[in-house]
Amino acid sequence: MNIAKRAKAPTPKFFKILRTIGLTLLGISGSVMVAPVALPAAVVSAAGYIAVAGGVMSAVSQVTVEDSAKKEADDEGQPKGGEPDG
């Protein structure tokens, strides 16, 4: 199963929630980093780390698939018939 098929396959509910949390963290930290007011360097630095964590969380959650979808995709790639290749 390649990345494109994994991204289009159904995502389990738990990982949909994690994806939403990750995107929220990414949005909030992006807003903090580009804020027009002067913020302490520690806050801007922490926002950068939170942005990376949110992006990774969202990406990993998006390519996580339900077990049934993975089995169907694996079955499509298997050769038909009971004889081994060779």
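Details of the structure are given in the entry above.
Quick notes on the rules
Residues numbered from 1 in each chain as written. Predicted model: local features only at pLDDT ≥ 70, side-chain atom pairs only at ≥ 80, totals over all residues. Heavy atoms only, no water. Axes fitted to C-alpha atoms, helices over the stretch in contact; angles between N-to-C directions. Helix = DSSP H or I, 4+ residues; strand = E, 2+ residues; numbered from the N terminus. Parallel < 35°, antiparallel > 145°, perpendicular 65-115°, else oblique. Left-handed = near helix turned anticlockwise from the far one by under 90°. Contact = heavy atoms within 4.5 Å. Nonpolar A, V, L, I, M, F, W, Y, C, P; charged D, E, K, R; others polar. Buried < 20%, exposed > 50% of the residue type's maximum accessible area, 1.4 Å probe, protein only. Patch = residues over 30% accessible without salt bridge, like charges linked within 9 Å, V, L, I, M, F, W, Y side chains within 5 Å. Areas by Shrake-Rupley, 256 points an atom, 1.4 Å probe, with all protein chains shown as cover. Salt bridge = Lys/Arg side-chain N within 4 Å of Asp/Glu carboxyl O. Expected span 1.5 Å × (residues − 1).

Draft legend 1. View of the packing of helix α2 (residues 13-33) against helix α3 (residues 41-62). The interhelical angle for the contact between α2 and α3, taken along N-to-C directions, is 155°, at an axis separation of 7 Å. Taken together, the axes of α2 and α3 lie roughly antiparallel to each other. Crossing of α2 over α3 shows left-handed handedness. Contact residues: F15, L18, R19, I21, G22, L23, L25, L26, S29, V32 and M33 in α2; V43, V44, A47, G48, I50, A51, G54, G55, M57, S58, S61 and Q62 in α3. Class assignment of the residues belonging to the contact of α2 with α3 gives a composition of 14 nonpolar, 8 polar and 1 charged.

Draft legend 2. Quick peek at the side chain of T11. Mapped onto the elements, T11 comes out in the loop between α1 (3-8) and α2. Classification of T11 as buried rests on a relative accessible area of 6%.

Draft legend 3. Here's a closer look at a nonpolar patch on the surface. Judged by side-chain polarity, M33, V34, V37, L39, V43 and V44 come together as a nonpolar surface patch covering roughly 490 Å² of accessible area. Considering the arrangement of structural elements, one finds V34 in the loop between α2 and α3.

Draft legend 4. Spotlight on α3. For α3, built from 22 residues, the straight-helix expectation of 32 Å at 1.5 Å per residue is met to within 8% by its first-to-last C-alpha distance of 32 Å. Looking at the buried residues of α3, the elements they touch are α2.

Draft legend 5. Broad picture of the environment of A47. Following the sequence through the fold, A47 ends up in helix α3. Along the primary structure A47 and V32 are separated by 15 residues, whereas in three dimensions their C-alpha atoms are 6.6 Å apart. Other than its neighbours up to four places away in sequence, A47 contacts S29, V32 and M33.

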